[in-house]
Amino acid sequence: MKLICAVCLSPNSSDHSKLFDYLFSKVEHILYFYPFAEISILGDFIVQNQLWLSSPLTDHSGELAFNFTILHDLQQLVQHPTRIPDRLGDTPNILDLFLVL
């Protein structure tokens, strides 16, 4: 069984804890009933993480996203910047996550 979850958060969204708690519960639920399911979670999560996503900084939501992936042994498939700088001072970074189990 293959399952795909698409996520697109509003830039005004501020409760990433609730999002990752929800995703956590759904992944656990799916794996309980279908232990060999292939799960993909993709989209724009509006998170920043210096080491993992080549962002200029790491915010709380970036830490939550990183911890979520570690907890579920997910892998980030996007390895190159998806945002190309268009203003002076901007840096390339990865805007999108494509997490697979």
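Higher on the page you've got the structure.
Conventions used here
- Residues numbered from 1 in each chain as written.
- Predicted model: local features only at pLDDT ≥ 70, side-chain atom pairs only at ≥ 80, totals over all residues.
- Heavy atoms only, no water.
- Pairing = 2+ DSSP bridges.
- Helix = DSSP H or I, 4+ residues; strand = E, 2+ residues; numbered from the N terminus.
- Right-handed = clockwise from strand over helix to strand, strands pointing away.
- Core = buried A, V, L, I, M, F, W, Y, C linked by side-chain atoms within 4.5 Å.
- Buried < 20%, exposed > 50% of the residue type's maximum accessible area, 1.4 Å probe, protein only.
- Phe/Tyr/Trp six-rings, centres within 6.5 Å; stacked < 30°, edge-to-face > 60°.

A. Region of interest: the pairing of strand E1 (residues 2–8). Sheet analysis places E1 next to strand E2 (residues 38–44), joined by seven bridges and oriented parallel. By the bridge assignment for E2, Leu3 is matched with Ile39. For the handedness criterion, the β-α-β arrangement of E1, helix H1 (residues 16–33) and E2 is classed as right-handed.

B. Main features of the nonpolar core. One finds Ile41, Phe45, Phe68 and Leu97 to be the most contacted residues of the largest nonpolar core, which totals 20 residues. At four residues, the largest contribution of residues to this core is made by H1.

C. Spatial organisation of the packing of aromatic side chains. Scanning all chains against the criterion turns up four aromatic pairs. Considering the side-chain rings of Phe20 and Phe68, the 5.5 Å spacing of their centres and the 45° angle between planes classify their relative orientation as tilted. Residue Phe20 is located in helix H1, and its partner Phe68 is located in helix H3 (residues 60–71); the two are separated by 48 residues in the primary sequence. Per residue, the accessibility class of Phe20 equals that of Phe68, and both read buried. Consider the rings of Trp52 and Phe66, whose centres lie 5.6 Å apart with planes at 70°: the pair is edge-to-face. Taken together, the residues Trp52 in helix H2 (residues 50–53) and Phe66 in helix H3 connect sequence positions 14 residues apart. A relative accessible area of 34% means that Phe66 is categorised as partly exposed. Aromatic rings pair up to connect Phe20, Phe45 and Phe68 into one cluster.

The analysis is restricted to geometry; functional conclusions fall outside its scope.
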